[in-house]
Amino acid sequence: MAARGAFITLEGGEGAGKTTQLRRLAERLRKAGREVVETREPGGTPSAERLRAVLLEGGPWEPVTQALLHFAARREHVTGLILPSLAAGRVVLSDRFADSTLAYQCHGLGLPRAVWDRLAEVTLEGLRPDLTLILDLPVERGLARAAARGGNNRYERLPEAFHARVRAGFRAIAAAEPRRCAVVDADADPETVAARVAAVVAERLPGLLP
């Protein structure tokens, strides 16, 4: 492992279990002696969290406006938390990152990919996750999980066809970048999914987990 630390992102549609699996992975890493930073998008810093509230509770936003808001929050997140944590040698686990904007805004809402590319270039300055875990399950199962936990944000209220495009978008991202991305079957109990996640991390990032 590089002294810079490691950057792992968890992605997937609504109800995929990203938050649960991030916490379980963080616990495994800490038991292995790693210093871990748990974060999320949109959000992660006070300024980015304020933009999160605008995104999830405001609107409706036109797709380019949504993308601008997401990348504004992401820039605050990257410069205020992620890069300093990596420089200190910590493992950063993020519940969503730039792939979510690609899947939701581009694949789901029709934002031109060129817009995403330009915003990513300016905002990320080449930062890419070392590993992206895409938690995958059928749309209807994910939406049922989200409803059961009381979720009702603006994205969760969108039609099922939108969520199907998002799922296809995540799969397309994984197919385009197989060295960075791993699709994990999330249609199982949390313990089983956690074991699958840990196995992928151990294989893809040798030395991070025993």
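In every chain, residue numbers begin from 1 and rise along the written sequence. Residues qualify for local features only when their pLDDT is at least 70, as the model is predicted, and side-chain atom pairs are given and counted only at 80 or more; totals for whole chains, interfaces and linings, by contrast, use all residues. Side-chain numbers come from the whole structure's heavy atoms, not from hydrogens or water.

Examining the pattern of salt bridges
- Any carboxyl oxygen of Asp or Glu within 4 Å of a side-chain nitrogen of Lys or Arg constitutes a salt bridge here. Tallied over the entire structure, the rule returns 16 salt bridges.
- Of the charged contacts, one joins K31 and E27 as a salt bridge, the two residues approaching to 3.4 Å between their closest N and O atoms. On the criterion of helical spacing, the pair formed by K31 and E27 is a turn pair, its members being 4 residues apart in helix α1 (residues 18-31).
- Judged by its relative accessible area of 67%, K31 falls in the exposed class.
- Residues D185 and R196 are paired through a salt bridge, measuring 3.7 Å at the closest nitrogen-oxygen approach. One end of the pair, D185, is in strand β5 (residues 181-185); the other, R196, is in helix α8 (residues 190-204), and 11 residues separate them in sequence. Each helix is a run of H or I in the DSSP string that is no shorter than four residues. Each strand is a run of E no shorter than two, and both are numbered from the N terminus. Burial here depends on accessible area, computed with a 1.4 Å probe over protein chains only, as a share of the maximum for the residue type. Under 20% is buried, over 50% is exposed, and the range in between is partly exposed.

Some details on the pairing of strand β1 (residues 6-12)
- For β1, the buried fraction is high: 7 of the 7 residues fall into the buried class.
- The alternating pattern of β1 places A6, I8, L10 and G12 on one face and F7, T9 and E11 on the opposite face, and all of these are buried.
- Two strands pair when backbone bridges link them, and β1 and strand β3 (residues 91-95) are joined in this way by 5 bridges, in the parallel orientation. Residue pairing for β3: A6 is matched across the bridge by V91.
- Should DSSP find at least two bridges between two strands, the strands are taken to pair. Looking at chain direction, β1 and strand β4 (residues 131-136) are connected through 5 bridges and run parallel.

Considerations on the side chain of K18
- Structurally, K18 can be placed in helix α1.
- Look at K18: it is buried, it has no salt bridge, and the nearest opposite charge is D95 at 4.6 Å.
- Whether two residues are in contact is decided by their heavy atoms: any pair within 4.5 Å suffices. Those residues in contact with K18 that lie beyond four places of it in its chain are L10, E11, G12, G13, D95, R96 and L135. Just so you know, the count uses Lys and Arg for positive and Asp and Glu for negative, and it drops His and the chain ends.

Side note on helix α5 (residues 113-124)
- Expected helix span is taken as 1.5 Å per residue step, with the number of steps being one fewer than the number of residues. Spanning 12 residues, α5 covers 16 Å between terminal C-alpha atoms, matching the ideal 16 Å at 1.5 Å per step.
- Listing the buried residues of α5 in full gives W116, L119, A120, T123 and L124. Along the axis of α5, the buried residues cluster in a sector spanning 105°; they form a single face. Of the exposed residues in α5, those oriented more than 90 degrees away from the buried face are R118, E121 and V122.
- Of the residues one or two after α5, E125 is the one with positive phi, at around 50°. Arc, as used here, means the arc of the directions from the helix axis to the C-beta atoms.

A word on the environment of L209
- By the secondary structure assignment, L209 is in the segment after α8.
- L209 gets classed as buried once you look at its relative accessible area, which sits at 12%.
- Once you skip the residues sitting within four places of it in the chain, L209 turns out to touch L25, R28, L29, A32, A198, V201 and A202.

Any link to function would need more than the numbers given here.
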